[in-house]
Each structure stands twice: as structure tokens, then as C-alpha cells.
Amino acid sequence: MADDCIFCKIIRKEVPSQPIYEDHDLVAFPDIHPAAPVHVLIVPKEHMLNLNDVGKNDVALLGKMLRLSARIANEKGVAESGYRIVINNGNDGGQLVPHLHLHLIGGKPLGHKLG
Ligand code: AMP
Ligand code: ZN
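Here the structure is a predicted model, which is why all the values come from computation and not from measurement.

So, how was this worked out
- Residues numbered from 1 in each chain as written.
- Chains lettered and ligands numbered in written order.
- Predicted model: local features only at pLDDT ≥ 70, side-chain atom pairs only at ≥ 80, totals over all residues.
- Heavy atoms only, no water.
- Helix = DSSP H or I, 4+ residues; strand = E, 2+ residues; numbered from the N terminus.
- Rg over C-alpha atoms; globule rule 2.2 N^0.38 Å.
- Buried < 20%, exposed > 50% of the residue type's maximum accessible area, 1.4 Å probe, protein only.
- Areas by Shrake-Rupley, 256 points an atom, 1.4 Å probe, with all protein chains shown as cover.
- Lys, Arg positive; Asp, Glu negative; His and termini not counted.
- Charge placed at Lys NZ, Arg CZ, Asp CG, Glu CD.
- Donors = N, O, S within 2.8 Å, 3.2 Å for Na, K, Ca; no water.
- Phe/Tyr/Trp six-rings, centres within 6.5 Å; stacked < 30°, edge-to-face > 60°.
- Salt bridge = Lys/Arg side-chain N within 4 Å of Asp/Glu carboxyl O.
- Near = heavy atom within 4 Å.
- Polar contact = N/O pair within 3.5 Å; in protein donor to acceptor, adjacent residues only side chain to side chain.
- Nonpolar A, V, L, I, M, F, W, Y, C, P; charged D, E, K, R; others polar.

Details of the overall build of the protein chain
Then comes step 1: When you go through the protein chain residue by residue, the secondary structure sums to two helices and five strands.
Then comes step 2: Helices and strands appear in the protein chain in the N-to-C order α-β-β-β-α-β-β.
Then comes step 3: Computed over its C-alpha atoms, the radius of gyration of the protein chain comes to 14 Å, within 12% of the 13 Å expected for a compact globule of 115 residues.
Then comes step 4: Overall size of the protein chain, expressed as C-alpha extent along the three principal axes, is 35 × 30 × 25 Å.
Then comes step 5: Taken over 115 residues, the protein chain has a buried fraction of 37%.
Then comes step 6: Looking at the protein chain as shown, the accessible area adds up to about 7200 Å², and 54% of this sits on carbon and sulfur atoms.
Then comes step 7: One way to put it: in the protein chain the 12 positive side-chain charges average out to a point 6 Å from where the 13 negative ones average out.

Points about the coordination of the zinc ion (ligand 2)
Then comes step 1: For the zinc ion (ligand 2), the full set of protein donor atoms is Cys5 (SG), Cys8 (SG), His47 (ND1) and His99 (ND1), at a range of 2.0 to 2.3 Å.
Then comes step 2: All donors to the zinc ion (ligand 2) come from one chain, and their sequence spacing reads C-x2-C-x38-H-x51-H. Remark: histidine 99 occurs in the loop between β4 (83–86) and β5 (102–106) and histidine 47 occurs in the loop between β3 (38–44) and α2 (59–75); sequence separation between them is 52 residues.
Then comes step 3: Note on histidine 47: relative accessible area 26%, which makes it partly exposed.
Then comes step 4: Here histidine 99 falls in the buried class, since its relative accessible area comes to 0%.

Regarding the packing of aromatic side chains
Two aromatic rings are characterised by how far apart their centres lie and by the angle between their planes.
Then comes step 1: Summed over the entire model, instances satisfying the criterion amount to one aromatic pair.
Then comes step 2: Ring centres 5.5 Å apart and planes at 75° place the aromatic pair phenylalanine 7 and phenylalanine 29 in the edge-to-face group. Of this pair, phenylalanine 7 sits in helix α1 (residues 6–11) while phenylalanine 29 sits in strand β2 (residues 26–30), and the two are 22 residues apart along the sequence. Take phenylalanine 7 and phenylalanine 29: they sit in the same class, and that class is buried.

Comments concerning the pattern of salt bridges
Then comes step 1: Summed over all chains, the structure comprises six salt bridges.
Then comes step 2: Salt-bridge contacts for aspartate 25 lead to lysine 64; the nearest nitrogen and oxygen are separated by 2.7 Å. Of this pair, aspartate 25 sits in the loop between β1 (21–22) and β2 while lysine 64 sits in helix α2; the two residues are 39 residues apart in sequence, bridging distant segments of the chain.

Quick word on the site of ligand 1
Then comes step 1: Around ligand 1 there are 16 residues in total, and Asp31, Gly94, Leu96, His101 and His103 lie nearest to it.
Then comes step 2: Between ligand 1 and the protein, one listed contact pairs an oxygen atom with a side-chain N or O atom of asparagine 88 at 2.9 Å.
Then comes step 3: In the complex, the protein chains occlude 86% of the 510 Å² of accessible area that ligand 1 would expose alone.
Then comes step 4: Breaking the shell around ligand 1 down by element, the ones donating at least two residues are α1 and β2.
Then comes step 5: Take the shell around ligand 1: its biggest share by element is three residues, from α1.
Then comes step 6: A breakdown of the residues in the shell around ligand 1 according to their chemical character gives nine nonpolar, six polar and one charged.

Structure representation (C-alpha cells):
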């Protein structure tokens, strides 16, 4: 846990969110500035900066994040239409919140552009 991390604050319920899913390891909630009709953040409860911080013991956690994304995509009705999974890493990767998270984005065609 990091004291001043916004996602840690959400996990500690010091900052409100509308959780879509929560268990021992993960929480999922809507992005506050959605880029598409479906935009959900999937976040490990343990504070880690980004993929650079992921160790051998976190491999299962990453797999769980991806499985949860597919499950939420299904619940949100975009499993068939398609969706994008994004992890922004570091400054050049456009990472704004320094706590590892995965974006699930869907509900509209996103095209092929990367940047
Ligand atoms: P990233 O650029 O991958 O670090 O993205 C961080 C994301 O977190 C952005 O899409 C923000 O809109 C989102 N965000 C920041 N603060 C909150 C919050 N309090 N609740 C939900 N989403 C947030
Ligand atoms: Zn954090």
C-alpha cells in the first residue's frame, strides 16, 4: 500500500468508486474518464508500480487480471463485439497513475491506431 496512491485509496475505500468486482487480490471499477462506452480498470490490490515491478510470484496474478477482463467484457456485453486491453507503462507509455492497472475498453470500434 502506498499512502498517497489514488488506486490504493480506492482499494482502502478512502476514495469512492463503484466496484464492479472485488476479491482478495483484485478490484475492478469504471474509469472516471471513460474513453469508450465500456472502460473498466482492473487493479491488483497490492501496490506495484507497473510491469517493471512484476516478479515471478506475480505471474498468476497477471493471468487472473486477464481472465477477469474477459469475464467483465462478457458481463458488459462486449465479448463478441470485441474490446481492447491496455497496460500503460511509464512516462513514454502514457502511464498517469503509478499503480499497475489494466484498461478494458470496448463498446465502439477502436481501429488500428496505436498512438
Ligand atoms: P494510465 O494512463 O494507464 O495511468 O491511466 C490511469 C487511468 O485512471 C485514467 O484513464 C484515469 O481516467 C483513471 N483514473 C484516475 N483517477 C481515477 C479514479 N479516482 N477513479 C477511476 N478512474 C480514475
Ligand atoms: Zn497504489
